[in-house]
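# Commentary on secondary and tertiary structure
Here is what each chain is made of, one letter per residue.
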Amino acid sequence: MAGAFAKRIRAKQLIITHFSARYDFGGIGSDGRSDMEGGMCTVQQLVSEAKKSMGSDNVIAAEDFLRFQVPRRDPAKSGR
């Protein structure tokens, strides 16, 4: 959903946030199985889905304390 919206508004970058506890950041669980083997959806799968929907690789999953600099828009170039 976020990727499709980002595509529709022609976003240059998508940062997805606020993941449900049912999503994991990947890796091996306490049962020794990978998340894919255990049937758990990972945040990386969400990122991949958003990239596909957006049609761009400019999608990242936010982590705690992520800092992202948004460039200042030049009003002369924005047509406003």
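In this numbering scheme, every chain counts its residues from 1 along its sequence in written order. Only residues with pLDDT of 70 or above have their local features reported here, since the model is predicted, and side-chain atom pairs are shown and tallied only from 80 upward, although totals for entire chains, interfaces and linings are computed over all residues. Based on all heavy atoms of the structure, the side-chain values leave hydrogens and waters out of the count.

This part is about the overall build of the protein chain. Per the convention used, a helix needs a DSSP run of H or I reaching at least four residues, while a strand needs a run of E reaching at least two, with both numbered from the N terminus. Scanning the protein chain from terminus to terminus reveals three helices and two strands. Counting from the amino terminus, the protein chain carries its helices and strands in the arrangement α-β-α-β-α. Buried, partly exposed and exposed residues are distinguished by accessible area as a fraction of the type maximum, computed with a 1.4 Å probe on protein chains only: under 20%, between the cut-offs, and over 50%, respectively. The buried share of the protein chain, taken over its 80 residues, is 16%. The contact rule is simple, with two residues in contact once any of their heavy atoms fall within 4.5 Å. The contacts of the protein chain with a sequence gap of at least 6 include a subset with a gap of at least 24, amounting to 52%. If you sum the accessible surface of the protein chain, you get close to 6,900 Å²; carbon and sulfur atoms cover 51% of it. For the area figures, the Shrake-Rupley method with a 1.4 Å probe applies, and any residue is considered shielded solely by the protein chains shown.

Next up on the list: the confidence of the model for the protein chain. For the protein chain, per-residue confidence averages 80 on the pLDDT scale, and 74% of positions sit at 70 or higher. pLDDT measures the predictor's confidence residue by residue and takes values from 0 up to 100. Mean pLDDT values over the elements of the protein chain span from 77, in helix 3 (residues 75–78), up to 95, in helix 1 (residues 2–8). The low-confidence segment residues 28–36, where pLDDT is below 50, has 11 contacts with residues more than four positions distant or belonging to other chains.

Residues enter a nonpolar core if they are buried and are Ala, Val, Leu, Ile, Met, Phe, Trp, Tyr or Cys, with the set joined through side-chain atoms within 4.5 Å. Counting eight residues, the largest nonpolar core consists of Ala6, Leu14, Ile16, Val43, Val47, Ala50, Met54 and Val59. Mapped by element, the contributors of at least two residues to this core are strand 1 (14–16) and helix 2 (43–54). Here this core takes four residues from helix 2, the largest share from any one element.

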